[in-house]
Amino acid sequence: MKIDRRSLMAAPLALGLTHRAWAQTAVPQVPGGALPPGLPQPSETIDLWPGGAPGMPARALAETVLERSTDRLVTDRAVYGIANPRLAVFRPDRPNGAGVLITPGGGYRWVVVDKEGYEMGRWLAARGFTAFVLFYRLPGEGWAAGPDVALADAQRAMRLIRARSSDYAVDPERVSAMGFSAGGHLCADLATRFDAKVYAPVDEADQLSAKPQSAAPIYPVISMAAPDAHAGSRELLVGRTAGPALEAAHSPHRNVPADAPPFFLLHAEDDDAVPVNNTLLLRAALKAKQIRVETHLFEHGGHGFGLRKAIGKPVEVWPELWRAWARTTGLAL
């Protein structure tokens, strides 16, 4: 297998879902008050794991939503304690046949579902892409898979999207991945370790490829080693005392295979959270393996700009740069 822009506000999270395999439900309102009407919301959710996620922590998790915004018109929610990993689906009115798996950031402490998930999902759906926002499990919460737990969810998500591609008018060979910050690490991890055996197959979907057609890690965490590692992501993913072998195993630039998909890389040079050298390390590794890679570095932008914080700056052009590049890969026709 081959494998507008100013939408500022967020839609309700998918909470209180059943744990049925292949579950598909309407997305309820988040408890605690209504949000401004009028914005597209996820049309449904897809639970990833039949019978519940494997390797449950000994201590039960309670999914928790933290609202970080002080503006009632702009939500900025962070979710942790995710025991039911799932996809929130944004369907376009006129599908272009392409799907995009979105992995929001959050430093592996939580999943930032609004500014790096739902907002991007709406942007993509408005342009014909079917977007799938991944609520992935967090490696610091006691799962048996440890540092591979988020990758297991990302692999499973890619396979389920392909297994159900006809339900969404998606070409199974045109499913890409995009991630931000720590979600950019997960995106790059998926695009370099798509064949890693990080969970036991559970159904026929697991016979399908987890390799994305292309990958777009945006201001990504890449290295797990000093001086480039993002300290918080490193501690939660591999642990503060991780040795060189464990660091290398979870640094995507150290694991690029010869058949990696094309990459689109983007970073601001004034990023004060995740050093721009993370992107440069990945670019050099891709070039060494002769993998297609497009790289955009901006002088200003900081970290975590997504869509909303890019407005009014040169970096606000980045989504259109990605879409133009995606056409050259065959993702966007």
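Description of the structure in this document. All figures in this text were calculated on a predicted structure; none of them were measured in a lab.

Following both chains from N to C, one finds helix α1 (residues 114–125) and helix α7 (residues 318–329) inclined at 50°, their axes separated by 12 Å at the closest point. The angle between α1 and α7 places the two elements in the oblique class. Two packed elements cross with a definite hand, and for α1 against α7 that hand is right-handed. Contact residues: M120, W123 and L124 in α1; W318, P319, E320, W322 and R323 in α7. Split by residue class, the contact of α1 with α7 holds six nonpolar, no polar and two charged.

The final tally for this structure, using the stated rule, is 16 salt bridges. Measuring nitrogen to oxygen at the nearest pair gives 2.3 Å for the salt bridge that ties R308 to E119. With R308 in the loop between β11 (293–298) and α7 and E119 in helix α1, this residue pair connects regions lying 189 residues apart in the sequence. Looking at R308, the relative accessible area reads 16%, which means it is buried. For E119, a relative accessible area of 0% corresponds to the buried category. Here the residues in one salt-bridge network are R127, E320 and R323, joined through shared partners.

Taken together, three strands build an open sheet; the order of strands is β2-β3-β6 and the sheet is antiparallel. Both edges of this open sheet fall to β2 (64–67) and β6 (111–112), since each of them pairs with a single strand only. As defined by bridge partners, β2 adjoins strand β3 (residues 77–80) across four bridges and the pair is classed as antiparallel. The residue bridging E67 from the neighbouring strand is R77, located in β3.

The rules behind the values
Residues numbered from 1 in each chain as written. Predicted model: local features only at pLDDT ≥ 70, side-chain atom pairs only at ≥ 80, totals over all residues. Heavy atoms only, no water. Axes fitted to C-alpha atoms, helices over the stretch in contact; angles between N-to-C directions. Helix = DSSP H or I, 4+ residues; strand = E, 2+ residues; numbered from the N terminus. Parallel < 35°, antiparallel > 145°, perpendicular 65-115°, else oblique. Left-handed = near helix turned anticlockwise from the far one by under 90°. Contact = heavy atoms within 4.5 Å. Nonpolar A, V, L, I, M, F, W, Y, C, P; charged D, E, K, R; others polar. Salt bridge = Lys/Arg side-chain N within 4 Å of Asp/Glu carboxyl O. Buried < 20%, exposed > 50% of the residue type's maximum accessible area, 1.4 Å probe, protein only. Pairing = 2+ DSSP bridges.

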